[in-house]
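The primary structure of each chain is shown beneath.
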Amino acid sequence: MVSYKRLDPEHVQFTNAALSGKSAPTQETVRDPDECEWPLIPLKPSCSTTTGLLVLGSMLLLLCAGWLLATMFWLHNTPSEQLHKPPPPISINTTDTQGRKEQSPSASAPNPQACGVIPESWRFDCYPEKGAVVTREMCEARSCCFIPVLSSSSSSSSPSGRNGIPWCFYPEGFTSYSLVSVNDTALGEEGRLVKDTKTYYPGDILTLHLEIRYETDTRLRVRITDPSNSRFEVPITVPNATKKADSPAYSVELSKEPFGLIVKRLSTGTVLLNTTVAPLFYADQFLQFSSSLSSPFIYGLGEHRSTFLLDIHWTTLTMWARDVPPVEMTNLYGAHPFYLAMEDGGHAHGFFLLNSNAMDVALQPAPALTWRTIGGILDFYIFLGPDPSSVVSQYLEVIGTPAMPIYWALGYHLCRWGYDSSNATWEVVKNMRSYSIPQDVQWNDIDYMQQFLDFTYDPSRFSTLPELVKDLHFHGQRYVMILDPGISSTQPGGSYWPYDDGLRRGVFINDSNGNTLIGKVWPGLTAYPDFSSDVTHEWWYDNLKRFHKKVPFDGLWIDMNEPSNFLDGSTNGCPSSSLEDPPYMPGILGGLLRAKTLCATAQQKISMHYNLHNLYGLMEAKASASALQRIVGKRAFVISRSSFPSQGMYSGHWLGDNRSQWKDLYASIAGILTFNLLGIPLVGADICGFAEEPQEEMCVRWTQLGAFYPFTRNHNGIDMRPQDPTAFSPPARMAMKQALLLRYSLFPILYTLFHHAHVQGHTVARPLMFEFPEDVKTYDIDRQFLWGKGLLVTPVVDPGVDYVVGYFPEGLWYDYYTGNSVLSKGEELRLQAPLDKINLHLREGVIIPTQRPNITLWVSSGQPLHLVSALSEEGLARGDLFWDDGESVNTYETNQYTYIIFNVTQNVMTSQVLRNHLEATYITVESASFYGVKAEPSRVLVNSQDAEFTYRANQQVLTVSDLGLNLSQNFTISWI
């Protein structure tokens, strides 16, 4: 058994030469005997013998008291026999299938005194099975430390997760792997890991292959695989590095025995990864490793309902796609094993585990985290940033940058479940037009279908659907329909082509016996398309094409694609198998992999559903985007409920079936920001809420906030009162209309931000900390956000108030509407917020292009521009504009676009057209405003010609109107 020490990475001396058996100089660290040793793990310093004895005595007294109280507790509380039972410990001196002797990890209990010195926050759970009531006997059977934590003690740590401080945790000396050899490769190093003692999960893999790839200066990749057997790997395309990075920003240190990996940022010495803090597990269905975190500031790890800044106080986040309305501490629709972490000094790094199996990610206040997955391999990346925006860009270099959306995707979308007819749907559209309220897209939920059958519409209630869509197109509007993956299997033979043809082509997922797996969703009994097969993609395209000839839809809403099932597994249940009931069950809602989805043993073309479940939504989105692009010949618009890394290349996402509550309004901001981190910037929440009755005040505030979601849709549930803007009182309706017109006026900057997301991997809706990473006060802000670098959105998220408190990072900020300025020291400000206003501010140094709004983007995107410049104290500002035809595929890649840089310096604005295209010749610049002009000019010159202007001395705002400048040509505006 190897000795499992807690290593201080500052003192790890292993080198490649030493690990490969070559001689290396021996180094001894000489220390001042009076100096305390402070390892990476914050143990108490042992500077004094007296102090040590006192501490040890106190701890022994506490330990004895804990044992006594815990024993009394056990005598009165018998564990339930119905709880999930983990595999029993391996018997002593048994023989495995290869004829090798196995030793039991339970041969000896750890030293209680050694256990007691491990701080609570650094105790890594040895018994993570959800719901298990752990006894000393159970814990020590795993050779782990057992120290009960009393409620009075644990409450001080304020645990918010489902586990709390573990009573059973790993001791020093717990079995792990040794690095027995390491060699240089063209990309980095490779090594062999071995261990000679099995652990308490079956299928231990005793020999592993380690590969470390220095892929770029800011990207490190580590793969740990089984050299003897191939295992499932996630089938998404990632970069294939061909040479080692020349000047990496990181160092990699290897611990030989036990094996550990320590990654540091070279410029600061900050430890980004330290796997020596807990043992490595690599069994057939249980892979686990832990690491310290550089700080408690960690973000990402979707999809969950939480604050933007994750709570590290014993929080366990489970990833297994599930159809469930968003609630806290529950695995939701998608799985995204990526986090971004902040470091001291404003640096940031990211971590991505490329694994699609069910998993838990356990956070603890050390700070540290543990990854536990039940399949696949360990294949992870570290991104060095050094700033948060760079981390996201580097992550998207691996998984793929998001698609450039079609222009109307950024307009206002309206939907509900329960219009009940095409005529009722049409009436809402007409009402919106009559009040001149912006709307680009009308949607229908499943009630448009005939008996909920995909690729049909009800011939009675929705008989006028084709005419409705024709009318929408005539008015420059678009139509989106919902599709669920479940295909009815009970229609009379020959009457339902999607199922009949699917059977002929073999496109459906099979059960473990090779027969079509049958589940149940809205149409009743259903089969599920296997989107891991190219044959299914072609079948999906054929069905969409056939239906498009009847109803020429413009976009697709793919729902229920976790995939959802009203049954657990199938109509025939699921077979008894370790795939259905793995040795370790992550904290999945329902306690079973098959809970309200398919059997884990279901067969798909490239693997079992056990491995592919979390990929289902991604694969359906890929098939849908490809099919739609082929059908309409334009950029595809797809919104998906389930998601996985690289989803942004094919679809956007909405945050699911929320409720008409203020809490959900607020929580949506964290969701929007998190998905921008995860590479899906086209994201929004159901404005006004999906479930429960809407309140007028809340719906007004939600529409104002929703106007700044990257994807803006109002959607509500069946039997709920209407909540489109026309359904409310005249003041509320007007406030909603103003918010939507405001969004439409900002279309040029929003479209440009999506261009940067597509090309450079930037965020659209942006956390304040991305722009102010050195300001720790911004790290937990999720009641405000930015569009891009400099448009600050401060919505009202509480009822019954006419003000809002917002944080303004250090610098000069301008009220967007008036140009009034405030010089902040990094402070909170109270802002007036009557019901008809959402507060917007411009950061000094930015220029944003705006546009005269109209009721559709087809009309407003052709209107003249107004440029708003927010000058810095030095009189500087900069901005840009991307412009194309709004719908053609790959305009950037084929150079069919215009790109313009606007710059202000020394009282001169310049427009520099870096690339030109025909589309820009149709647009003019009508006016320009300059915030922060400190003195009234005597003259304003436009292209060296005198021009009329106005100056508001109170706000220090200069405005030049009636410019008539062609966007495709360079121009200057100056003042003296």
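### Things to note about the sheet that holds strand S10 (residues 260-265)
- The three strands are arranged S9-S10-S11 in an open sheet whose pairing can be described as antiparallel. Each having just a single partner strand, strand S9 (250-255) and strand S11 (271-274) make up the two edges of the open sheet. Averaged over all pairs of adjacent strands, the angle between strand axes in this sheet comes to 15°, irrespective of strand direction.
- The pairing of S9 with S10 spans six bridges and is antiparallel. Within S10, the position partnered with Leu254 by the bridge is Leu261.

### So, the packing of aromatic side chains
- Under the defined criterion, the tally for this structure stands at 57 aromatic pairs.
- Relative to Tyr201, the ring of Tyr200 lies with its centre 5.0 Å away and its plane at 50°, an arrangement referred to as tilted.
- Look at Tyr201 and you get buried, because its relative accessible area is 2%.
- Lying over the aromatic face of Tyr214, Lys244 brings its terminal NZ or CZ to 4.7 Å of the ring centre.
- Positioned above the aromatic ring of Tyr435 is the side chain of Arg733, whose terminal nitrogen or guanidinium carbon lies 3.9 Å from the ring centre.

### A few points about unusual backbone geometry
- The omega torsion of the bond from Gly302 to Glu303 falls at 5°, within 30 degrees of zero and hence cis.
- With respect to the secondary-structure elements, Glu303 resides in the loop between strand S14 (298-302) and strand S15 (315-319).
- Note the cis peptide between Ala366 and Pro367, where omega equals 10°.
- Structurally, Pro367 can be placed in the loop between strand S18 (359-364) and strand S19 (368-373).

### Let's talk about the environment of Thr216
- Among the structural elements, Thr216 can be located in strand S7 (residues 207-216).
- Here Thr216 falls in the partly exposed class, since its relative accessible area comes to 24%.
- Once residues within four sequence positions are removed from consideration, Thr216 is found in contact with Ala245 and Tyr250.

### Some words on the nonpolar core
- Counting 240 residues, the largest nonpolar core has Leu340 and Phe708 as its most contacted members.
- At nine residues, helix H12 (residues 616-632) tops the list of elements feeding residues into this core.
- Residue contacts for Phe708: discarding those within four places in its chain leaves Leu742, Arg743, Leu746, Phe785, Trp787, Leu791, Val793, Ile838 and Leu840.

### What to know about the pattern of salt bridges
- Overall, the coordinates contain 43 salt bridges when judged by the stated rule.
- A salt bridge links Glu538 to Arg630; the shortest N-O distance between them is 3.2 Å. Highlighted residues: Glu538 in helix H10 (residues 534-548) and Arg630 in helix H12, separated in sequence by 92 residues.
- Assessed through its relative accessible area of 32%, Glu538 is described here as partly exposed.
- With its nearest N and O atoms 3.9 Å apart, the salt bridge here joins Lys789 to Glu771. Here the residue Lys789 occupies a position in the loop between strand S34 (785-787) and strand S35 (791-794), and Glu771 occupies one in helix H17 (residues 768-771), the gap between them amounting to 18 residues.

### Here we look at the sheet that holds strand S6 (residues 188-194)
- What the eight strands build is an open sheet, ordered S5-S6-S7-S8-S20-S17-S16-S14; its pairing is antiparallel. Edge positions in the open sheet fall to strand S5 (178-184) and S14, since each of these has one partner strand only. Taken over all neighbouring pairs, the strand axes of this sheet differ in orientation by 15° on average, direction set aside.
- The sheet strands contacting helix H6 (residues 388-399) are strand S8 (219-225), strand S16 (336-342), strand S17 (348-353) and strand S20 (378-383), and the helix crosses S17 at an angle near 25°.

### Brief notes about the state of the cysteines
- As enumerated under the stated definition, the model contains five disulfides in all.
- In this model Cys574 forms its disulfide with Cys599; the gap between the sulfur atoms is 2.0 Å. The disulfide joining Cys574 to Cys599 has a torsion of about -85° about its S-S bond and is therefore left-handed. Separated by 25 residues along the polypeptide, Cys574 in the loop between strand S27 (555-558) and helix H11 (609-612) and Cys599 in the loop between S27 and H11 bring together distant segments of the chain.

### Notes on the confidence of the model for the protein chain
- Of the residues in the protein chain, 88% reach a pLDDT of 70 or more, and the chain-wide mean stands at 90.
- Across residues 1-107, where pLDDT falls below 50, the model places 160 contacts with residues more than four positions away in sequence or in other chains.

### As for empty space enclosed by the protein
- The final tally for this structure, using the stated rule, is six cavities of 30 Å³ or more.
- Of the pockets and cavities examined, the largest cavity occupies roughly 250 Å³.
- As for the largest cavity, its lining consists of 22 residues, and the residues nearest its centre are His304, Arg305, Leu655, Ala667 and Gly671.
- Looking at the lining of the largest cavity, the elements that each hand over two or more residues are S14 and helix H13 (662-677).
- Here the lining of the largest cavity gets seven residues from one element, more than from any other, and that element is H13.
- By residue class, the composition of the lining of the largest cavity is 10 nonpolar, nine polar and three charged.

### A short note on a positive patch on the surface
- The grouping of Lys545, Arg546, Lys549 and Lys550 at the surface amounts to a positive patch.
- Structurally, Arg546 can be placed in helix H10.
- For Arg546, a relative accessible area of 45% gives the class partly exposed.

### Here we look at a nonpolar patch on the surface
- Residues Phe452, Trp522 and Phe566 make up a contiguous nonpolar surface patch of about 250 Å² in total accessible area.
- Examined against the element boundaries, Phe452 turns out to sit in the loop between strand S22 (441-444) and helix H8 (465-474).

### Re the environment of Val271
- With respect to the helices and strands, the residue Val271 is situated in strand S11.
- With relative accessibility at 8%, the residue Val271 sits in the buried group.
- For the pair Val271 and Tyr250, spaced 21 residues apart in sequence, the C-alpha to C-alpha distance is 9.6 Å.

### Observations concerning helix H16 (residues 747-760)
- In a regular helix each residue adds 1.5 Å, so 14 residues correspond to 20 Å; H16 covers 20 Å between its end C-alpha atoms and thus fits that length.
- Within H16, 12 of the 14 residues are buried, leaving the element largely enclosed by the surrounding structure.
- Restricting attention to buried positions, one finds in H16 the residues Phe747, Pro748, Ile749, Leu750, Tyr751, Thr752, Leu753, Phe754, His755, His756, Ala757 and His758.
- With its phi angle positive at about 75°, Gly761 sits one or two positions after the end of H16.

### Some details on the pairing of S22
- Burial along S22 is two-sided: the face carrying Val441 and Trp443 and the face carrying Gln442 and Asn444 are both buried.
- Regarding the hand of the β-α-β motif, the stretch spanning strand S21 (residues 412-416), helix H7 (residues 422-434) and S22 is right-handed.
- Note that the unit made of S22, H8 and strand S23 (residues 478-483) has a crossover that is right-handed.

### Considering the side chain of Ser251
- Here Ser251 is to be found in strand S9.
- Discounting residues that sit within four places of it in the chain, Ser251 has contacts with Ile262, Val263, Lys264 and Leu266.

### Section: the packing of H7 against H8
- H8 packs onto H7 with a crossing angle of 20° between their chain directions and a minimal axis gap of 9 Å. By the angle class used here, H7 and H8 are roughly parallel. Our pair here, H7 against H8, has a crossing hand that is left-handed. The residues of H8 that touch H7, namely those facing Ser422, Thr425, Trp426, Val429 and Arg433, are Leu465, Glu467, Leu468, Asp471 and Leu472.
- Looking at the contact of H7 with H8 residue by residue, the classes come out as five nonpolar, two polar and three charged.

### Topic: the packing of H10 against H12
- Viewed as axis vectors pointing N to C, H10 and H12 meet at an angle of 45°, and their least axial separation amounts to 9 Å. Of the possible angle classes, the one that applies to H10 and H12 is oblique. The hand of the H10/H12 crossing is right-handed. Seen from H10, the contacting residues are His537, Glu538, Trp540, Tyr541, Leu544, Lys545 and His548; seen from H12, they are Met619, Glu620, Lys622, Ala623, Ser624, Ala627, Arg630, Ile631 and Val632.
- A per-class count over the contact of H10 with H12 returns eight nonpolar, three polar and five charged.

The rules we used
Residues numbered from 1 in each chain as written. Predicted model: local features only at pLDDT ≥ 70, side-chain atom pairs only at ≥ 80, totals over all residues. Heavy atoms only, no water. Pairing = 2+ DSSP bridges. Helix = DSSP H or I, 4+ residues; strand = E, 2+ residues; numbered from the N terminus. Axes fitted to C-alpha atoms, helices over the stretch in contact; angles between N-to-C directions. Phe/Tyr/Trp six-rings, centres within 6.5 Å; stacked < 30°, edge-to-face > 60°. Buried < 20%, exposed > 50% of the residue type's maximum accessible area, 1.4 Å probe, protein only. Lys NZ or Arg CZ within 6 Å of the ring centre and 35° of its normal. Contact = heavy atoms within 4.5 Å. Core = buried A, V, L, I, M, F, W, Y, C linked by side-chain atoms within 4.5 Å. Salt bridge = Lys/Arg side-chain N within 4 Å of Asp/Glu carboxyl O. Disulfide = S-S within 2.5 Å. pLDDT = per-residue confidence, 0-100. 1 Å grid on protein atoms, 1.4 Å probe; cavity = no way out; pocket = protein on both sides within 12 Å on 5 of 7 lines; lining within 4 Å. Points joined across faces, edges and corners; volume = space filled by probe spheres on them. Nonpolar A, V, L, I, M, F, W, Y, C, P; charged D, E, K, R; others polar. Patch = residues over 30% accessible without salt bridge, like charges linked within 9 Å, V, L, I, M, F, W, Y side chains within 5 Å. Areas by Shrake-Rupley, 256 points an atom, 1.4 Å probe, with all protein chains shown as cover. Lys, Arg positive; Asp, Glu negative; His and termini not counted. Charge placed at Lys NZ, Arg CZ, Asp CG, Glu CD. Expected span 1.5 Å × (residues − 1). Right-handed = clockwise from strand over helix to strand, strands pointing away. Parallel < 35°, antiparallel > 145°, perpendicular 65-115°, else oblique. Left-handed = near helix turned anticlockwise from the far one by under 90°.

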